[in-house]
Amino acid sequence: MTEQTNAGARLEAIELHRIEVPLVRPFETSFGRETVREVLLVRVRTDAGDGWAECVAGREPFYSSEYVDGAAAVIERYLAPALLAATAGGGHGGPGASPSHPSTADGAAAAIASVPAAAAVGPALAFVAGHRMAKAALEAAVLDAELRAQGRSMASCFGAVRDWVDCGVSVGIAPTLEELLDEVAGYVEQGYRRIKLKIKPGWDLVPVGAVRELLGPAGLLQVDANTAYHQGDIPLLAELDRFGLLLIEQPFAEEDLASHVALAAVCDTPVCLDESILDRTTALDAIERGATSIVNIKPGRMGGYLESLRVHEACLALEVPVWCGGMLETGLGRAANVALAALPGFLLPGDTSASDRYYAEDLTEPFVLGTGEHRGQLAVPQGSGTGVEVREELVRAWASAPPVLLR
Ligand code: NPG
């Protein structure tokens with residue numbers, strides 16, 4: 001048994017809640033169109049209090065192989081029983097729970113060492129291949145419970161260096177150019193500091209050029225293709241250089257690092273990987289090969305906030321900028337993302353939009369863009385754990401299936 005710094009965080013039960021939350025407007029990407037977000041919520045009950053997290057898996061396996069029914073099934077059948085068994089003796093998880101040599105020189109290792117219960121989740125679940133989004137949700141719920149018991153915020157645990165983070169907004173593929181420009185103009189008016197446009201073959205140079213004109217040369221603009229292109233499209237993608245973009249995100253398939261390397265060699269716009277980066281190892285590999293010079297960190301895709309801290313640390317050491325992606329999270333997931341985006345290596349605005357970008361009513365207190373000097377920013381939550389409260393009446397009102405109790 002490893003040293004126990006938070007005696008008492010004994011995992012007693014895991015609850016799965018399924019809710020459906022309508023989006024304020026449809027969100028279209030190269031992989032599909034969503035009008036409602038189906039969310040899997042995880043609540044862990046420990047003898048030191050509860051913790052909540054949301055799983056970012058989508059309704060369909062289109063962005064990644066994970067999807068919400070699959071995540072619920074793998075948690076129910078494999079992950080929750082293993083986690084409950086690993087912590088059955090009390091405490092947080094046994095051998096391998098703590099990183100071996102935490103040092104203050106490595107901020108990630110020090111942060112992870114300070115949350116032994118959450119740090120034990122990954123090792124306890126490693127026997128299941130993949131399913132990072134499902135694992136991330138369990139780890140985040142344990143982390144929330146553990147930090148609440150310690151009276152610490154996620155921001156302080158992660159090593160946040162700012163109280164406000166710059167916000168970008170992701171703009172879906174619109175039915176017409178006019179509607180796209182209207183939508184973008186609305187976000188600019190609201191103060192968003194960066195625009196990300198979804199692109200796909202047939203919806204690229206023209207909309208990007210029109211939005212560049214709308215924003216003027218100084219407006220921060222980037223594009224995201226969600227794997228919609230092929231190597232033969234490299235000359236076309238290189239034409240995006242004339243629009244002065246911050247980055248081109250994931251034009252090619254998740255497994256196709258070679259095409260990203262080939263694009264990066266012929267265009268000035270930085271290439272940024274999202275779907276391809278599954279953890280610290282794949283991040284370092286992609287950077288070394290020249291497939292990515294900026295990394296999108298999404299905790300769900302990387303198996304959790306703790307692996308995200310490791311990726312951030314590795315990128316910081318290599319001076320590779322990172323930014324925080326989004327997966328249409330409710331306030332619950334958004335709170336943790338905003339805390340992460342407050343770390344020093346997050347040098348570009350994230351897809352950390354305000355609640356009303358997606359939801360008329362949020363599952364937690366809403367995230368609202370700041371004003372004055374904080375225009376286009378969100379305040380980093382400072383309360384214990386995620387720092388936000390799940391509105392349980394909404395969990396019941398929005399339920400799309402009965403809750404599942406695992407113990
Ligand atoms: O602001 O939360 C947000 C969404 C940002 O565009 C966004 N996310 O490919 O990065 C993406 C995309 C996405 C959404 C991916 C939902 C997967 C699911």
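Placed above this text is the structure.
Here is what the cut-offs are and how they apply
- Residues numbered from 1 in each chain as written.
- Predicted model: local features only at pLDDT ≥ 70, side-chain atom pairs only at ≥ 80, totals over all residues.
- Heavy atoms only, no water.
- Pairing = 2+ DSSP bridges.
- Helix = DSSP H or I, 4+ residues; strand = E, 2+ residues; numbered from the N terminus.
- Contact = heavy atoms within 4.5 Å.
- Axes fitted to C-alpha atoms, helices over the stretch in contact; angles between N-to-C directions.
- Core = buried A, V, L, I, M, F, W, Y, C linked by side-chain atoms within 4.5 Å.
- Buried < 20%, exposed > 50% of the residue type's maximum accessible area, 1.4 Å probe, protein only.
- Domains from an automatic or database assignment.
- Phe/Tyr/Trp six-rings, centres within 6.5 Å; stacked < 30°, edge-to-face > 60°.
- Lys NZ or Arg CZ within 6 Å of the ring centre and 35° of its normal.
- Parallel < 35°, antiparallel > 145°, perpendicular 65-115°, else oblique.
- Left-handed = near helix turned anticlockwise from the far one by under 90°.
- Nonpolar A, V, L, I, M, F, W, Y, C, P; charged D, E, K, R; others polar.
- Near = heavy atom within 4 Å.
- Polar contact = N/O pair within 3.5 Å; in protein donor to acceptor, adjacent residues only side chain to side chain.
- Areas by Shrake-Rupley, 256 points an atom, 1.4 Å probe, with all protein chains shown as cover.

A.B. asks: Lay out the sheet that holds strand β9 (residues 271-273) with the relevant residues and their values.
C.D. replies: Read across the open sheet, the seven strands follow the order β5-β6-β7-β8-β9-β10-β11; overall the sheet is parallel. Looking at the sheet topology across the chains shown, the edges are occupied by β5 (168-171) and β11 (322-324). Inspection of the sheet shows strand β7 (residues 221-224) paired to strand β8 (residues 248-249) by two bridges, in the parallel sense. In the sheet register, Val223 faces β8, and the bridge partner there is Ile248. Lying on the sheet, helix α10 (residues 257-266) is in contact with β8 and β9; it crosses β9 at an angle near 160°.

A.B. asks: Lay out the environment of Gly303 in plain terms, naming residues and giving numbers.
C.D. replies: Within the secondary structure, Gly303 is located in the loop between β10 (294-297) and α12 (305-318). The spatial distance from the C-alpha of Gly303 to the C-alpha of Arg132 is 4.0 Å, given a sequence separation of 171 residues. Excluding residues within four positions of it along the chain, Gly303 makes contact with Arg132, Lys135, Ala136 and Glu139.

A.B. asks: Describe in detail the nonpolar core, supporting the description with residues and values.
C.D. replies: Counting 115 residues, the largest nonpolar core has Ile14, Ile75, Phe158, Leu197, Leu240 and Val295 as its most contacted members. Shared between two domains, this core takes at least three residues from each, and those domains are domain 1 (3-151 + 390-406) and domain 2 (157-379). Not counting chain neighbours up to four residues away, the residues in contact with Ile14 comprise Val42, Arg43, Val44, Ala80, Leu83, Leu84, Leu138, Val404, Leu405 and Leu406. Grouped together as the second largest cluster of nonpolar side chains are 16 residues, Val21, Val39, Trp52 and Trp398 included.

A.B. asks: Can you tell me about unusual backbone geometry, naming the residues and giving the values?
C.D. replies: Although it is not a glycine, Asn226 sits at a positive phi angle of roughly 45°. Mapped onto the secondary structure, Asn226 falls in the loop between β7 and α9 (234-238). The phi dihedral of Leu328 is positive, around 60°, even though this residue is not glycine. Mapped onto the secondary structure, Leu328 falls in the loop between β11 and α13 (331-340).

A.B. asks: Quick one: what's the story with the packing of aromatic side chains, residue by residue and with numbers?
C.D. replies: Under the counting rule described, the total for this entry stands at five aromatic pairs. Centre to centre, the rings of Phe31 and Tyr63 are 5.8 Å apart; their planes meet at 55°, and the pair counts as tilted. Of this pair, Phe31 sits in the loop between β1 (11-29) and β2 (32-46) while Tyr63 sits in the loop between β3 (49-55) and α1 (68-86); the two residues are 32 residues apart in sequence, bridging distant segments of the chain. Within the aromatic cluster, the residues linked to one another by ring pairs are Phe27, Tyr358 and Tyr359. Its guanidinium or amino end placed over the ring of Trp323, Arg194 lies 5.2 Å from that ring's centre, counting from NZ or CZ.

A.B. asks: Go over the packing of α1 against helix α5 (residues 132-150) with me, naming the residues and quoting the values.
C.D. replies: The interhelical angle for the contact between α1 and α5, taken along N-to-C directions, is 50°, at an axis separation of 9 Å. In terms of orientation, α1 lies oblique with respect to α5. Here α1 runs over α5; the crossing is right-handed. Of α5, the residues touching α1 (which contributes Ala71, Val74, Ile75, Leu79, Ala80 and Leu83) are Ala134, Lys135, Leu138 and Val142. Residues of the contact of α1 with α5, tallied by class, amount to nine nonpolar, no polar and one charged.

A.B. asks: Before we move on, could you go through the sheet that holds β1 and cite the residues and values that matter?
C.D. replies: Reading across the sheet, the four strands line up as β3-β2-β1-β13 and stay open at both edges, with antiparallel pairing between neighbours. Here the strands that pair on one side only, and so sit at the sheet edges, are β3 and β13 (399-406). In this sheet, neighbouring strand axes are inclined to one another by 20° on average, regardless of whether the strands run parallel or antiparallel. In the sheet, β1 pairs with β13 via five bridges, with the strands oriented antiparallel. Paired with Glu15 across the strands is Leu405, a residue of β13. Running over the sheet, α1 touches β1, β2, β3 and β13 and is turned about 160° from β1.

A.B. asks: Requested: an account of the site of the ligand, with residues and values cited.
C.D. replies: Around the ligand there are 17 residues in total, and Ser170, Asn226, Lys298, Leu328 and Tyr358 lie nearest to it. Asp224 places a polar side-chain atom, nitrogen or oxygen, 3.3 Å from an oxygen atom of the ligand. Tyr358 places a polar side-chain atom, nitrogen or oxygen, 2.9 Å from an oxygen atom of the ligand. With the chains in place, 97% of the 430 Å² that the ligand exposes on its own is no longer accessible. Here the residues of the shell around the ligand sort into six nonpolar, three polar and eight charged. Split by domain, the shell around the ligand shows at least three residues from each of two domains, domain 1 (3-151 + 390-406) and domain 2 (157-379).

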